[in-house]
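# Chains, contacts and geometry: an overview
What follows is the residue order along each chain.
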Amino acid sequence: MTTLSRRETRIAALQILCEVDSVGHDLSEVVERRVADDAPPFASEQFLRNLLGGVFDKSEEIDRIISEFAPNWPILQMATVDRNLLRMAIYEMVLSSDAPPKVAINEAVELAKVFGSDSSPKFVNGVLGAVMETV
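Let us look at the structure shown here.

The rules behind these values
- Residues numbered from 1 in each chain as written.
- Predicted model: local features only at pLDDT ≥ 70, side-chain atom pairs only at ≥ 80, totals over all residues.
- Heavy atoms only, no water.
- Helix = DSSP H or I, 4+ residues; strand = E, 2+ residues; numbered from the N terminus.
- Rg over C-alpha atoms; globule rule 2.2 N^0.38 Å.
- Buried < 20%, exposed > 50% of the residue type's maximum accessible area, 1.4 Å probe, protein only.
- Core = buried A, V, L, I, M, F, W, Y, C linked by side-chain atoms within 4.5 Å.
- Axes fitted to C-alpha atoms, helices over the stretch in contact; angles between N-to-C directions.
- Parallel < 35°, antiparallel > 145°, perpendicular 65-115°, else oblique.
- Left-handed = near helix turned anticlockwise from the far one by under 90°.
- Contact = heavy atoms within 4.5 Å.
- Nonpolar A, V, L, I, M, F, W, Y, C, P; charged D, E, K, R; others polar.
- Salt bridge = Lys/Arg side-chain N within 4 Å of Asp/Glu carboxyl O.
- Expected span 1.5 Å × (residues − 1).
- Arc of directions from axis to C-beta.

Within the protein one finds seven helices and zero strands. Seen in sequence order, the protein has helices and strands lined up from the N terminus as α-α-α-α-α-α-α. Since a compact globule built from 135 residues should have a radius of gyration of about 14 Å, the 14 Å found for the protein is in line with a globular shape. Projected onto the principal axes, the alpha-carbon positions of the protein cover approximately 40 × 30 × 30 Å. A buried classification covers 44% of the 135 residues belonging to the protein.

Core analysis: the largest hydrophobic core is formed by 41 residues, its most contacted members being Ile 16, Leu 86, Met 88, Val 124 and Leu 128. Contributing elements (two or more residues each) for this core: α1 (6–23), α2 (27–38), α3 (42–57), α4 (59–69), α5 (80–95), α6 (101–115) and α7 (120–132). With eight residues, the top contributor of residues to this core is α5.

A separate point is unusual backbone geometry. Positive phi values are uncommon outside glycine, yet Ala 39 reaches one of about 45 degrees. Here Ala 39 lies in the loop between α2 and α3.

At a minimum axis distance of 10 Å, the contact between α5 and α7 shows a crossing angle of 25 degrees. As judged from the angle between their axes, α5 and α7 are roughly parallel. Judged by the sense of rotation from one axis to the other, the crossing of α5 with α7 is right-handed. Listed contacts from α7 to Asp 82, Leu 86, Ala 89, Ile 90, Met 93 and Val 94 of α5 are Ser 120, Phe 123, Val 124, Val 127, Leu 128, Val 131 and Met 132. Of the residues that constitute the contact of α5 with α7, the class distribution is eleven nonpolar, one polar and one charged.

This part takes up the pattern of salt bridges. Once their charged atoms are close, side chains differing in charge can pair, the charge on each being opposite to the other. As enumerated under the stated definition, the model contains twelve salt bridges in all. With a shortest N-O distance of 2.9 Å, Glu 107 and Arg 7 are connected by a salt bridge. Of this pair, Glu 107 sits in helix α6 while Arg 7 sits in helix α1, placing them 100 residues apart in sequence. Given the relative accessible area of 32%, Arg 7 is considered partly exposed. In this structure, the salt-bridge partner of Glu 92 is Arg 10, at a minimum N-O distance of 2.8 Å. On the criterion of sequence distance, the pair formed by Glu 92 in helix α5 and Arg 10 in helix α1 is long-range, its members being 82 residues apart. The residues Glu 92 and Arg 10 share a single accessibility class, namely buried. Three or more residues are tied together by salt bridges with common partners; here these are Arg 7, Arg 10, Glu 92 and Glu 107.

Moving on: the environment of Glu 92. Residue Glu 92 is classed as buried on the basis of its relative accessible area of 2%. In this structure, the C-alpha to C-alpha distance between Glu 92 and Ile 105, residues 13 residues apart in sequence, is 9.2 Å.

So, about α2. For α2, which comprises twelve residues, the first-to-last C-alpha distance of 16 Å matches the rise-based estimate of 16 Å (1.5 Å per residue) to within 8%. Listed in full, the buried residues belonging to α2 are Leu 27, Val 30, Val 31 and Val 35. Looking straight down α2, one finds that the buried residues subtend no more than 130 degrees of arc, so they occupy a single side. Projecting away from the buried face of α2 at angles above 90 degrees are the exposed residues Glu 29, Ala 36 and Asp 37. Looking at the buried positions of α2, the neighbouring elements they touch are α1 and α3. One or two steps after α2, the chain reaches Ala 39, where phi turns positive at roughly 45 degrees.

So, in structure tokens, the structure goes:
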């Protein structure tokens, strides 16, 4: 079995975050169900768990950063996909050394093109670009 790409793992993380965020399901239950259903290779599962755990453990700090760099968009009024892409990317850019900031931004923008609205890529890129200037 081959390891999932980081992008595929980020897609799974985004889907889990959106489910937890929009429906209120328990994170650990959703992760366990997803891992059981998909049976990802160990390295991919570890990346998934680390990314999700980091986003949840640092959620207050991450949301504060989002509010600082997108002051005209209250967090709860952002589209669910945009909000969670920003959370993942900011975690990777600012609070984890797992990916260079430019990689985190590129991944978030690419996922915004697929899963977000027409304006999502520009919005996500703008917020993350501003954050990157302070990293």
